[in-house]
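# Residue-level structural notes
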Amino acid sequence: MKKLLILGAGTAGTMMLNKLANELDSSEWSITIVDQFETHYYQPGFLFIPFGIYNKKDVIKPKRDFFPTGVEVIVSGIDKIEPKENRVLLQNNQVLTYDYLIIATGTKIRPEETEGMMGELWHKNIFDFYTVEGAIALADFFKRWEGGKLVLNITEMPIKCPVAPLEFVFLADSYFTERGIRDKVDIHFVTPLPGAFTKPKASSILGDFLTKKNIHLTPDFSLARVDNENKKIVSWDETEIPFDVLVTIPTNMGDDVIERSGMGDELNFIPTDKQTLMVEGYDNIFAIGDCTNLPSSKAGSVAHFESDILFENFLDVIEGRKPRAKFDGHANCYIESGFGKGILIDFNYDTEPLPGKFPLPGVGPFSLLEETKMNHYGKVMFRWMYWNLLLKGKELPIESNMSMAGKRL
Amino acid sequence: MSTIEIAGKTLELDADGNLANLSDWNEDVARELAKGEGIEELTDRHWQVINYMRKVYQENGDAPSIRKLTKESGVDTKELYSLFPKGPAKKSAKIAGLPKPKGCI
Ligand SMILES: Cc1cc2nc3c(=O)[nH]c(=O)nc-3n(C[C@H](O)[C@H](O)[C@H](O)COP(=O)(O)OP(=O)(O)OC[C@H]3O[C@@H](n4cnc5c(N)ncnc54)[C@H](O)[C@@H]3O)c2cc1C
């Protein structure tokens, strides 16, 4: 029997499990997956919780609903990977060996990395929305809030779902307008990037949306510390921005298990070949999703496109061939822009987000870098697709490598 | 492709405005590039960072992120921001003649 071990049963691990369990001959392969938790969170849904659009039960399901039959599932923390010994130690003291390993342990927020972030105002006037706890605490706060200065800040790049902070301020504009207190809420978007987004064209178009929606942009602001007493954030070059409520995207890092295993960079992301998805230095280990150091967005859609590539390369490698499929960094992100509308961007390693129609040239139905109702339905549909197609490893109606069709240069 | 004129020579730049060819770099070029970033004089502390950047690039083929800089260059984050205001990793990479660090996406 050959052994495949998958670490992490989030978006990427669950997808790979379903795809491979379906393909590999069960008389030749034993497949094991390990995760510390029994609950699967639909993380894109966290964005909607602060505004009362979703609540907790809209974003959780038991992980077991998505596991195929005939695989071994272990619920335990992972203590250490010993890649040279082909061995993994679990926190429940089990020791697992493998022939092939897929790492999908994701990334999480690390507010403790920034001085003062977890001070006395944490989850009182300072919130995150990248955890379900943070999103719920913020929903409670907003319900009772009468207005003031709302500051959203990105602490440092990279972060998962780099469009989520923009969506947050767009939705805040919409939410406070509907509550009739928009004139009492001053919204600020503070980022270490030189503009609203990472790539120039999208950055300028999305920047215009911020202006149109009366959201103030502060670029080039790298957070050094949070001053709880005077309610302000302070940058490394001592610029200060006061707030009444701070919604922060803390530093994102890979799990500590990667550091304990000596397999990560300074943010615990795993050096991974950006085309083959094989972990650098090993010929039997793959990495997928947010845990890698790939220069692409950390998003569920990206993990999905990667899963098609990893699947093909896995089959090559176990049959003794060189991995032939190449990932191009494809990302496809719906950006909620408030008032029932959305914006769509589609890009890869080499091509920045461009305007046009998607996926059919001239037809759409989605419009790239434009605000439309149809794009919003795309986002709403994404939750259904996530639970019913994506996690189960089924085909989505989008190519895994990006297409230039329909895009305007 | 855009270019820059330094000491009578025309040097090619990449899409991010960094030197396209590592071999075009020397210390005088660095001083001129620094001026373009608003840094009038390169002190020993600047050079410590620039030399560290070049060493890491030669070893790994990628310029280090701000975190790696803080951990390993011997210059802490606070000072990095005062030496290279706004974006220490990005600016020091540019002055060191390297492409923009991959982490800065
Ligand atoms: C607010 C928000 C909005 C988002 N919006 C979108 C969107 O609109 N579109 C989109 O495509 N993506 C979006 N994303 C991003 C998307 O959710 C992630 O990119 C995706 O879930 C990554 O999948 P993953 O499998 O790599 O990591 P995860 O799904 O996070 O899974 C990692 C798993 O590993 C387990 N694990 C880690 N370490 C250990 C350990 N030591 N021991 C045991 N188990 C461990 C964890 O328990 C977890 O189950 C959003 C994310 C957030 C936070």
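To start, this report covers the structure provided alongside it. (Residues numbered from 1 in each chain as written. Chains lettered and ligands numbered in written order. Predicted model: local features only at pLDDT ≥ 70, side-chain atom pairs only at ≥ 80, totals over all residues. Heavy atoms only, no water.)

### Let's talk about the overall build of chain A
- Of regular secondary structure, chain A possesses 7 helices and 24 strands.
- Computed over C-alpha atoms, the radius of gyration of chain A comes to 21 Å, within 12% of the 22 Å expected from 2.2 N^0.38 for 409 residues, which places it in the range of a compact globule.
- Viewed in the frame of its principal axes, chain A has a C-alpha envelope of about 65 × 50 × 40 Å.
- Counting only residues that meet the buried cut, chain A has 60% of its 409 residues in that class.
- Once local pairs closer than 6 in sequence are excluded, the contacts in chain A between residues at least 24 apart make up 66%.
- In the structure as shown, chain A presents an accessible area of about 16,400 Å², 49% of it carried by carbon and sulfur atoms. (Helix = DSSP H or I, 4+ residues; strand = E, 2+ residues; numbered from the N terminus. Rg over C-alpha atoms; globule rule 2.2 N^0.38 Å. Buried < 20%, exposed > 50% of the residue type's maximum accessible area, 1.4 Å probe, protein only. Contact = heavy atoms within 4.5 Å. Areas by Shrake-Rupley, 256 points an atom, 1.4 Å probe, with all protein chains shown as cover.)

### As for helix α2 (residues 44–60) of chain B
All names here are of chain B.
- The terminal C-alpha atoms of α2, which comprises 17 residues, lie 24 Å apart, in line with the 24 Å expected from a rise of 1.5 Å per residue.
- Those residues of α2 that sit buried are H46, W47, V49, I50, Y52, M53, R54, V56 and Y57.
- Tucked inside the fold, the buried residues of α2 contact α1 (27–36), α3 (66–72), α4 (77–83) and α5 (88–95).
- Downstream of α2 by a residue or two, G61 has a phi angle that is positive, lying close to 75°. (Expected span 1.5 Å × (residues − 1).)

### So, the pairing of strand β18 (residues 245–249) of chain A
Residue and element names in this part refer to chain A.
- β18 sits mainly inside the fold: 5 of its 5 residues count as buried.
- Burial along β18 is two-sided: the face carrying V245, V247 and I249 and the face carrying L246 and T248 are both buried.
- Strand direction decides the pairing type here: strand β11 (residues 126–127) and β18, joined by 2 bridges, are parallel. Within the sheet, the bridge partner assigned to I126 lies in β18 and is L246.
- Bridge analysis of strand β12 (residues 148–154) against β18 gives 5 bridges, and the strand direction is parallel. Within β18, the position partnered with L152 by the bridge is V247. (Pairing = 2+ DSSP bridges.)

### Points about unusual backbone geometry
- The omega torsion of the bond from F358 of chain A to P359 of chain A falls at -10°, within 30 degrees of zero and hence cis.
- Along the chain, P359 of chain A falls in strand β23 (residues 356–360).
- Residue G364 of chain A is joined to P365 of chain A through a cis peptide bond whose omega torsion reads 15°.
- In this fold, P365 of chain A is placed in strand β24 (residues 364–368).
- Residue N86 of chain A is not a glycine yet carries a positive backbone phi of 55°.
- For A7 of chain B, which is not glycine, the phi dihedral falls at a positive 50°.
- Mapped onto the secondary structure, A7 of chain B falls in the loop between β1 (3–6) and β2 (9–12).

### Quick notes on helix α1 (residues 11–23) of chain A
Residue and element names in this part refer to chain A.
- Over its 13 residues, α1 runs 19 Å from end to end, which matches the ideal 18 Å to within 8%, given 1.5 Å per residue.
- Where burial is concerned, most of α1 is hidden: 10 out of the 13 residues are buried.
- Inspection of α1 places T11, A12, G13, T14, M15, M16, L17, N18, K19 and L20 among the buried residues, and these make up the whole buried set.
- Contacts made by the buried residues of α1 are with β1 (2–7), β2 (29–35), β3 (39–41), β9 (100–103), α6 (300–318) and α7 (373–390).

### Some thoughts on the packing of α1 of chain A against α6 of chain A
Residues and elements named next belong to chain A.
- Put simply, α1 and α6 touch, their axes get as near as 9 Å, and they point 35° apart. Crossing of α1 over α6 shows right-handed handedness. Side by side, α1 and α6 meet where T11, A12, M15, M16, K19, L20 and E23 of the first sit next to G300, A303, H304, S307, D308, L310, F311, F314 and L315 of the second.
- When its residues are assigned to classes, the contact of α1 with α6 shows 9 nonpolar, 4 polar and 3 charged. (Axes fitted to C-alpha atoms, helices over the stretch in contact; angles between N-to-C directions. Left-handed = near helix turned anticlockwise from the far one by under 90°. Nonpolar A, V, L, I, M, F, W, Y, C, P; charged D, E, K, R; others polar.)

### Some words on the environment of F269 of chain A
All names here are of chain A.
- With respect to the helices, strands and loops of the structure, F269 is situated in the loop between α5 (256–260) and β20 (285–287).
- Take F269: its relative accessible area is 3%, and that puts it in the buried class.
- Separated by 11 residues in sequence, F269 and I258 have C-alpha atoms that sit 7.5 Å apart.

### Concerning the site of the ligand
All names here are of chain A.
- Taken together, 32 residues surround the ligand, and among them T11, A12, D35, S301 and K379 come closest.
- Backbone polar atom of A12 to an oxygen atom of the ligand: 2.7 Å apart, as the coordinates give it.
- Residue I78 places a main-chain N or O atom 2.8 Å away from a nitrogen atom belonging to the ligand.
- Relative to its free-state accessible area of 1,000 Å², the ligand is covered by the protein chains to the extent of 94%.
- Of all the secondary structure elements, the ones that give two or more residues to the shell around the ligand are α1, α6 and α7.
- When the residues that make up the shell around the ligand are grouped by side-chain class, the tally is 13 nonpolar, 12 polar and 7 charged.
- Residue assignment places the shell around the ligand across two domains, with domain 1 (2–106 + 255–318) and domain 2 (111–251) each supplying three or more. (Near = heavy atom within 4 Å. Polar contact = N/O pair within 3.5 Å; in protein donor to acceptor, adjacent residues only side chain to side chain. Domains from an automatic or database assignment.)

### A look at the nonpolar core
- Counting residues in hydrophobic clusters, the biggest one holds 102 residues, and the most contacted among them are L4, I102, F129, F142, L150, F168 and F314 of chain A.
- A total of 10 residues in this core trace back to one element, the largest contributor, which is α6 of chain A.
- Setting aside anything within four residues of it in sequence, one finds F129 of chain A in contact with F46, L47, P50, A135, L152, A164, P165, F168, V247 and I249 of chain A.
- Core analysis: the next-biggest nonpolar cluster, separate from the first, contains 29 residues, L11, L19, W25 and L98 of chain B among them. (Core = buried A, V, L, I, M, F, W, Y, C linked by side-chain atoms within 4.5 Å.)

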